[in-house]
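Listed below are the residues making up each chain.
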Amino acid sequence: MSQYNFAAKEEMAHPCISSKNVYDLLAKIPLGKVSTYGDIAKALGHPGASRAIGRIIANNPNPIVVPCHRVVKSSGEIGGFMYGEDKKKEMLEKEGIEIENRAVKNFKEFRFVFE
DNA sequence: GCCATGGCTAGTA
DNA sequence: GCCATGGCTAGTA
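Scoring rules and cut-offs
- The residue numbering used here restarts from 1 in each chain and proceeds along that chain's sequence as written.
- Lettering of chains starts at A and numbering of ligands starts at 1, both following the order in which they are written.
- Under the rules for a predicted model, residues below a pLDDT of 70 receive no local features and side-chain atom pairs below 80 are neither given nor counted, while totals for whole chains, interfaces and linings still include all residues.
- Neither water nor hydrogens contribute to the side-chain values; these are computed over all heavy atoms in the structure.
- In DSSP terms, a helix is any run of H or I states spanning at least four residues, a strand is any run of E spanning at least two, and both are numbered starting from the N terminus.
- Exposure is judged per residue with a 1.4 Å probe applied to protein chains only, and the accessible area is read against the type maximum: over 50% gives exposed, under 20% gives buried, and values in between give partly exposed.
- Contacts are assigned to residue pairs that have any heavy atoms within 4.5 Å of one another.
- The Shrake-Rupley method, run with a 1.4 Å probe sphere, supplies the accessible areas, and residue values consider only the shown protein chains as cover.
- A residue's pLDDT is simply how confident the predictor is in it, with values from 0 to 100.
- Only the six-membered ring of Trp is used, alongside the rings of Phe and Tyr, when aromatic pairs are assigned; centres must lie within 6.5 Å, and planes under 30 degrees apart are stacked while those over 60 apart are edge-to-face, with the rest tilted.
- If a single non-hydrogen atom of a residue is within 4 Å of a molecule or strand, that residue counts as near it.
- Under this definition, polar contacts are N or O atom pairs within 3.5 Å; protein pairs additionally need one hydrogen-donor-capable and one acceptor-capable atom, and for neighbouring residues in sequence, both atoms have to be side-chain atoms.
- Three classes are used: nonpolar for Ala, Val, Leu, Ile, Met, Phe, Trp, Tyr, Cys and Pro, charged for Asp, Glu, Lys and Arg, and polar for all others, with Gly counted as polar.

### Regarding the overall build of chain A
Reasoning step 1: A tally of regular secondary structure across chain A gives 6 helices and 4 strands.
Reasoning step 2: Tracing chain A from N to C terminus, the helices and strands come up as α-α-β-α-α-β-α-β-β-α.
Reasoning step 3: Buried residues in chain A amount to 37% of all 115 residues.
Reasoning step 4: Contacts in chain A between residues at least 24 apart in sequence constitute 59% of all its contacts with a sequence separation of at least 6.
Reasoning step 5: Just so you have it, chain A exposes about 7300 Å², and 52% of that area is on carbon and sulfur atoms.

### Quick look at the confidence of the model for chain A
Reasoning step 1: For chain A, per-residue confidence averages 85 on the pLDDT scale, and 85% of positions sit at 70 or higher.
Reasoning step 2: The least confident element of chain A is helix α1 (residues 6-13), whose mean pLDDT is 42; the most confident is strand β1 (residues 35-36), at 97.
Reasoning step 3: The low-confidence segment residues 1-14 (pLDDT under 50) makes 9 contacts with residues lying over four places distant or belonging to another chain.

### A look at the packing of aromatic side chains
Reasoning step 1: Taken as a whole and judged by the stated rule, the model has 2 aromatic pairs.
Reasoning step 2: A centroid spacing of 6.0 Å and a plane angle of 75° characterise the contact between F81 and Y83, whose relative ring orientation is edge-to-face.
Reasoning step 3: A ring pair is formed by F112 and F114, whose centres lie 5.3 Å apart and whose planes are at 85°; its orientation type is edge-to-face.

### Re the protein's contact with DNA strand B
Reasoning step 1: In the neighbourhood of DNA strand B, 14 residues make up the surrounding shell, with Y37, G38, R51, S74 and G80 lying closest.
Reasoning step 2: Within 4 Å of the protein, the atoms of DNA strand B are drawn from sugar and phosphate moieties in a proportion of 50%.
Reasoning step 3: The contact in question runs from a base nitrogen of DNA strand B to an N or O atom on the backbone of G80, over 3.2 Å.
Reasoning step 4: At the level of secondary structure, the elements contributing two or more residues to the surface near DNA strand B comprise α3 (37-43) and α4 (50-58).
Reasoning step 5: With 6 residues, the top contributor of residues to the surface near DNA strand B is α4.
Reasoning step 6: Here the residues of the surface near DNA strand B are counted per class, giving 5 nonpolar, 6 polar and 3 charged.

This is the structure:
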């Protein structure tokens, strides 16, 4: 039992929105694209829960695997990140996304839409 | 009562 | 810039 049990934590955590669903959606965002907190909320049938989505992503159990850096604000501003906005910016740029003073440039063309 | 948001107003230039 | 939204956490009883 040395390993922290994320599954148990996730089962308890969110009465309305399943964090597993959130992470499943994150996994669909292709490299070189971004989505928004609001879009994820809508895709899960909870428009208006964008801020809650932010909170769920904020305790991302596995930052190495789950690409939470690909989620930005609906305004195109890059938004928060556990290792700081500069790190998020750096990672996005490495994936080919241009950023101009803390916002995605040509946001529309980089924005990924869920089916 | 916080917040990794978002959308809508006021009010400046 | 204000405030509604929704899930969470600290800290009181």
